[in-house]
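Letter by letter, the chains look like this.
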Amino acid sequence: GSLVRTFTPFYFLVEPMDILSVRGASVIMNCSAYCETSPKIEWKKDGTFLNLVSDDRRQLLPDGSLLINSVVHSKHNKPDEGYYQCVATVESLGTIVSRTAKLTVAGLPRFTSQPESSSVYKGNSAILNCEVNVDLAPFVRWEQDRQPLFLDDRVFKLPSGALIISNATDTDGGLYRCIIESGGTPKYSDEAELKILPDPEVPQNLMFVRQPSSLTKVTGQSAVFPCVAVGFPTPYIRWTRNEEELITEGYERFLLLAGGSLEISDVTEEDVGMYTCIADNGNETIEAQAELTVQVPPEFLKRPANIYAHESMDIVFECEVTGKPTPTVKWVKNGDMVIPSDYFKIVKEHNLQVLGLVKSDEGFYQCIAENDVGNAQAGAQLIILDLDVAIPTLPPTSLTSATNDHLAPATTGPLPSAPRDVVATLVSTRFIRLTWRTPVSDPQGDNLTYSIFYTKEGINRERVENTSRPGETQVTIQNLMPETVYVFRVVAQNKHGPGESSVPLKVATQPEVQLPGPAPNIRAYASSPTSISVTWETPLSGNGEIQNYKLYYMEKGQDTEQDVDVGGLSYTINGLKKYTEYSFRVVAYNKHGPGVSTQDVVVRTLSDVPSAPPQNLTLEVRNSKSIMLHWQPPPPGTHSGQITGYKIRYRKVSRKSDVTESIGGTQLFQLIEGLERGTEYSFRVAALTVNGTGPATDWVSAETFESDLDETRVPEVPSSLHVRPLVTSIVVSWTPPENQNIVVRGYAIGYGIGSPHAQTIKVDYKQRYYTIENLDPSSHYVITLKAFNNVGEGIPLYESAVTRPHSVPDPSPMMPPVGVQASILSHDTIRITWADNSLPKNQKITDARYYTVRWKTNIPANTKYKTANATTLSYLVTGLKPNTLYEFSVMVTKGRRSSTWSMTAHGTTFELVPTSPPKDVTVVSKEGKPRTIIVNWQPPSEANGKITGYIIYYSTDVNAEIHDWVIEPVVGNRLTHQIQELTLDTPYYFKIQARNSKGMGPMSEAVQFRTPKAESSDKMPNDQASGSAGRGSRPVDIGPDYKPPLGGNNSPHGSPTSPLDSNMLLVIIVSVGVITIVIVVIVAVFCTRRTTSHQKKKRAACKSVNGSHKYKGNSKDVKPPDLWIHHERLELKPIDKSPDPNPIMTDTPIPRNSQDITPVDNSMDSNIHQRRNSYRGHESEDSMSTLAGRRGMRPKMMMPFDSQPPQPVISAHPIHSLDNPHHHFHSGSLASPTRSYLHHQVNPWPIGTSMSHSDRANSTESVRNTPSTDTMPASSSQTCADHQDPESTTGSYLANAQEEDSAQNLPTAHVRPSHPLKSFAVPAVPPAGSTYDPALPSTPLLTQQASNHPVHSVKTASIGTLGRTRPPMPVVVPSAPDVQETTRMLEDSES
């Protein structure tokens, strides 16, 4: 076989880390790389390789690390500081680079601040500064009185170098200095004296001597927020983070240092926030804030993976990183930076895409992520295989052992010749479509695939595009460059490999059409209040002269743009609104069309004088010498600019001359003083802008008072009040107060029924009467009148009046609407339409009439109407209940005339799926039959339609997927249902779902029911005692939990003696024999008659086995509609109708009751039914599950064993479709128990059976994996695969089975005598020696571990068999595995 090169593990064991050093010290940069052949290590500093051979100070250690002896560092010479990177190379393999590490050399010792003498109260804290360069801070130490100072919890050094002494005592007094020892001679600071003062008697103000400052830290570092406060009493310090109390006690990472500073060790991203130091001494509180920012070095979320590829392929190395700040990513190939180009692209920010691979692209690629606080690298290898070597699927880990993988060689054979007539059928600017003809060697070419290799002319990198499916002879190559020559060639591939290449074809892409760019320097300026001029320059136009321009403009705030065609480079737009903003843009056109638009420019037209007068000018006489004017600005849109003021003109009415002006600001009132008493004046107002005065209002007049009246008190009571009532109004008249020396500014009229305070109206002081409108007829109103001035309202005068009754005769009633119709639109909407005979012929409504629609549900008890008004001849009534009958009527109203209600129309809303589940679900055990339970329920409260059926789901696992629950369908008119033969002492969960013609409603909540523990010993389980009679079987007393053994005749739990007389047994056996012979004769007759239609019926039968669930049901009295229920999605689908007039089980009408059933063939001997039905006795008439009217849940029509049918009987039992058409029914399952039994009778037709999932799994595998046979499952070949020779396969299968071991115990096939429509299942034993592996995804619903039960039982998840016990039926079988082996297999199947 051809060899595939494997990926070579090549990586760094140790990478260099950042280092802080001092002058003269020695430094080691660690580095070590792993590869099978030991790599060569080199070092780069600041991106340049170091020559270490001739270097006396720097040398390479044997493991690859770099040693720098006595670091050199001065102000002007810093040869050692910088960024170092380790480079590892293996010849003929590639190169990898490490992360970069920074070497920092601490600078020359210098103090940025020095300690200063200070004093501190005993018990308070002191701070002594000694600020140095960050690099030097670790090298600072302190002395007290020239002796080294011992640091502890109370006296400690901040990271900056400063010293904090907390809880000061007398011994802390003295001279302090700090020293920098960074190699070389130590440097000393000035000395500072610290004095300790005794406690003051009086409280001292609280103050900070050191506040925290904001910090930025990298994850993993520690952060110290200094906080030192002094005062008396001594302050206590606590911290908050983001305004939440920070608990430092017992918290490992937050430490409160002496004096109150906060240390956070091993900083994480969660520690970010605003930290507040709060100092509190009982008298006062002060606080200081600082923020902590955390940075995170780059980390890989996804590292690049090794890649195998062929030449010309495109690949992507993926790389995902995270960090703060966001890292940048660069790629390195074999140690060299990858420069992005047409073929090397950075995609999705971080991934590297390589297009059109060539051999030289092999090697190691590294993704290097970098941010301010660190960098990291991760790499992967690219191997380019020869074209004849297939690309292996990668093992799960890239670092596999270095052994070579051997691939299966490609089969040898003729390779295809070159594809013919390669042409470019479509050439665009950025894509080309190629077509070709099949090679001469393979003119059909159906299973050829093609690779299209292409490259830019003169570039040696070829890229490849493959056709999407075999036989396709065209391809579209995308993402090309415009106006570029490409070379294409096509290679055909068959199963043996790639063939000859076609002759290269050169094609040039189209040039990109060049449209004009945006016009530069667009400018707009207002040339008048209604015009704006716009200018621009000629844009770049590419290969087409500019033909014209379009100028677009739009009023600001509007959304409709107008445009104008322009030939030149400027234009003036006239007729614009004054003082309004407009936006402008220009688009140039050449022969190819419109170009790029310019940006919008916005400009405002010039202002002008206002175009309308101010509004609502009112005058108020204040006294004998002054009048107050009030007004509103001109209407919006007429200002034509900013209003700067108003001009007021006034004159005496008696004279035309003598006009005086007064300019107000932008205020909307003005008091005009100095007028003559008792004189009438006229006023007008105009608005001003910077451009001048706009039009003025009309003249308005007022007269000054004759004498200055008194306005220090309210007016007196009016001297009289008269009222005159009409039908809906009252006329009020009055005379002013007698004392005319008090100012009256107006009158207030109050009125209302029974109380005068309901409504108030104010009128002018000149007015003497008023009509109160819109009153009710025949009502008693109380009316008050008060005079008022600016001080308040005077004393009221009261009067009452009764409005007149409606004496006017009612107008004649209108005609009611006619032809009222209700059209149902949906489950909650009905449209009501009508005609109105009082309208003209065209039914146009021109007057103010309206229609009232009223509706209610048609329930006699319901008298509540709902109403709505309409002005057209139809109305949409919404919000109705589904499936409800409503009645509607309409009336018309015009003014005060109304019609009577029209004739009623009726409409029933459409049904809707039920919106609530069935109610009151209860489960009870059936008396005397502990295996049978009765489920009762009530219909849903929101049925929204006639309930056509219910589905009962039950399961032993409340959390199972719903499609793994068992289904029992029930017709819609039943509210109770029996479920039989459940397992004892087992919790079951039940849910019910209602269905109407619109679909399924919601499920009820699961109801739990535990079946009783045991049956009384004298009772048979349900109806099995009678069921086993009449079958030629030996009735056995069966214990309550008995499941028959599958490979042996172990005695059941109960007594081994038979309860039935052996004579009775003989009679039964003889009668069965006779009936069997009769049936054989009938079958033989039918076989000859019906073989011709045999094929058609098989296909029809196949169609009905494609469902996706398991159903059980027996027929009662409904004809099913054509519906499948697709249980996964619970949607109703029409079933495939077969064209055949009577395909088996597809359109078999379901009989009215169990007496009418004719299994499969209507002419079958009727005594079978009598006998079969007697097994059920009265149970078949009991409320068993009905079919719920559904062909989707078709009953299983199964034949009893002793009446061989004339052709296979297919159960219409939906089965999960499998991976292969032969898996629908597996005759293998019948092999040992029944096939040989039939074989002895030379039965020409195998029996189709419906099997449970676990049975099918067993049987499939037993057929597939038995080495001694090569059979298809025989039933399946009969039913779906159209195999014509079932006998031979069956025969060979049985022959094998018989030869195996005839000395073994007889197995017992349990075939449950049951209702003719119930399915039966025969769980089969695989032949000895077959291995079993589960072929189906589903698992049995009820599983039991074999170890717990002396007799092993299979519980299968077929609907027909959930937890049912089966009476055993002896069958003569020559061989089967013994019990232990069977048990082992079944444990497999259950697991």
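Quantities reported herein were computed from a predicted structural model and do not represent experimental measurements.

Focus: the state of the cysteines
Argument step 1. Per the counting criterion, the structure on display carries four disulfides.
Argument step 2. The disulfide that involves Cys319 links it to Cys367, with 2.0 Å between the sulfurs. Classification of the bridge connecting Cys319 and Cys367 rests on its S-S torsion, roughly -70°, and on that basis the disulfide is left-handed. Separated by 48 residues along the polypeptide, Cys319 in the loop between strand S34 (315-317) and strand S35 (320-324) and Cys367 in strand S40 (residues 363-371) bring together distant segments of the chain.
Argument step 3. The exposure class of Cys319 is buried, given its relative accessible area of 1%.

Here we look at the pattern of salt bridges
Argument step 1. This structure, assessed with the given rule, holds 39 salt bridges.
Argument step 2. Glu191 is paired through a salt bridge with Arg146; the nearest N and O atoms lie 2.9 Å apart. Highlighted residues: Glu191 in the loop between strand S21 (187-188) and strand S22 (192-197) and Arg146 in the loop between strand S16 (140-144) and strand S17 (147-148), separated in sequence by 45 residues.
Argument step 3. Between Glu793 and Lys786 there is a salt bridge whose closest N-O contact spans 3.1 Å.
Argument step 4. Via salt bridges that share partners, Asp55, Arg57, Arg58 and Asp80 belong to a single interconnected network.

Quick notes on the pairing of strand S60 (residues 627-632)
Argument step 1. Bridge count for strand S59 (residues 615-621) against S60 is five bridges, and the pairing is antiparallel. Note that in S60 the partner of Thr618 across the bridge is His630.
Argument step 2. In this structure, the hairpin formed by S59 and S60 is closed by a connection of five residues.

Here we look at the confidence of the model for the chain
Argument step 1. On average, residues of the chain score 76 in pLDDT, and 72% of them reach the 70 mark or higher.
Argument step 2. Taken as a whole, residues 396-410 scores under 50 in pLDDT and shows 28 contacts with residues more than four places along the chain or in a different chain.
Argument step 3. In the predicted structure, residues 1095-1366 sits below a pLDDT of 50 and forms 633 contacts with residues beyond four places in sequence or in another chain.

Considerations on the sheet that holds S34
Argument step 1. On the basis of which strands lie adjacent, the open sheet formed by three strands has the order S34-S39-S38 and antiparallel pairing. A single partner strand is all that each edge strand has here, and the edge strands are S34 and strand S38 (344-347). Strand-to-strand twist across the sheet, computed as the mean angle between neighbouring axes with direction ignored, equals 25°.
Argument step 2. Note: S34 against strand S39 (residues 351-354), three bridges, orientation antiparallel. From the neighbouring strand, Phe317 faces S39, where its bridge partner is Leu352.

A word on the side chain of Ser531
Argument step 1. Among the structural elements, Ser531 can be located in strand S52 (residues 531-535).
Argument step 2. Of the residues examined, Ser531 reaches a relative accessible area of 6% and is grouped as buried.
Argument step 3. Side chain to side chain, Ser531 and Ser528 meet in a polar contact 2.7 Å long.
Argument step 4. The residues touching Ser531, leaving out its near neighbours within four places in the chain, are Ala526, Thr572, Ile573, Asn574, Leu576 and Thr605.

Remarks on the side chain of Thr509
Argument step 1. Inspection of the secondary structure puts Thr509 in the loop between strand S50 (505-508) and strand S51 (523-528).
Argument step 2. A distance of 2.9 Å separates the side chain of Thr509 from the backbone nitrogen of Glu483, its partner in a polar contact.
Argument step 3. Residues contacting Thr509, with those up to four places away along its chain left out, are Val427, Ser428, Thr429, Ile432, Leu480, Met481, Pro482, Glu483, Thr484 and Tyr486.

Here we look at the environment of Leu726
Argument step 1. Note on placement: Leu726 falls in the loop between strand S67 (718-725) and strand S68 (730-737).
Argument step 2. Every residue in contact with Leu726, bar those within four places of it in the chain, is listed here: Val731, Thr803 and Arg804.

The rules behind the values
- Sequence order as written defines residue numbering, which begins from 1 separately in each chain.
- Where local features are concerned, this predicted model is filtered to residues with pLDDT of at least 70; where side-chain atom pairs are given and counted, the filter is 80 or more; whole-chain, interface and lining totals use all residues.
- Excluded from the side-chain calculation are hydrogens and water; included are all heavy atoms of the structure.
- Cysteine sulfurs are considered disulfide-paired once they come within 2.5 Å of each other.
- Secondary structure elements follow DSSP: runs of H or I of four or more residues count as helices, runs of E of two or more count as strands, with numbering from the N terminus.
- Relative accessible area decides the class of each residue, using a 1.4 Å probe on protein chains only: under 20% of the type maximum gives buried, over 50% gives exposed, and in between gives partly exposed.
- Between Lys or Arg on one side and Asp or Glu on the other, a salt bridge is scored when a side-chain nitrogen of the former is within 4 Å of a carboxyl oxygen of the latter.
- Being paired, for any two strands, means DSSP has found at least two bridges between them.
- Per-residue confidence from the prediction method is given by pLDDT, with values spanning 0 to 100.
- The criterion used for residue contact is that any of the two residues' heavy atoms lie within 4.5 Å.
- Inter-axis angles, ranging from 0 to 180 degrees, are taken between N-to-C directions of lines fitted to C-alpha atoms, where helices are fitted over the stretch in contact.
- Definition of a polar contact: a pair of N or O atoms within 3.5 Å, with one able to donate and the other able to accept a hydrogen when the atoms are protein atoms, and with sequence-neighbouring residues admitted only if both atoms are side-chain atoms.

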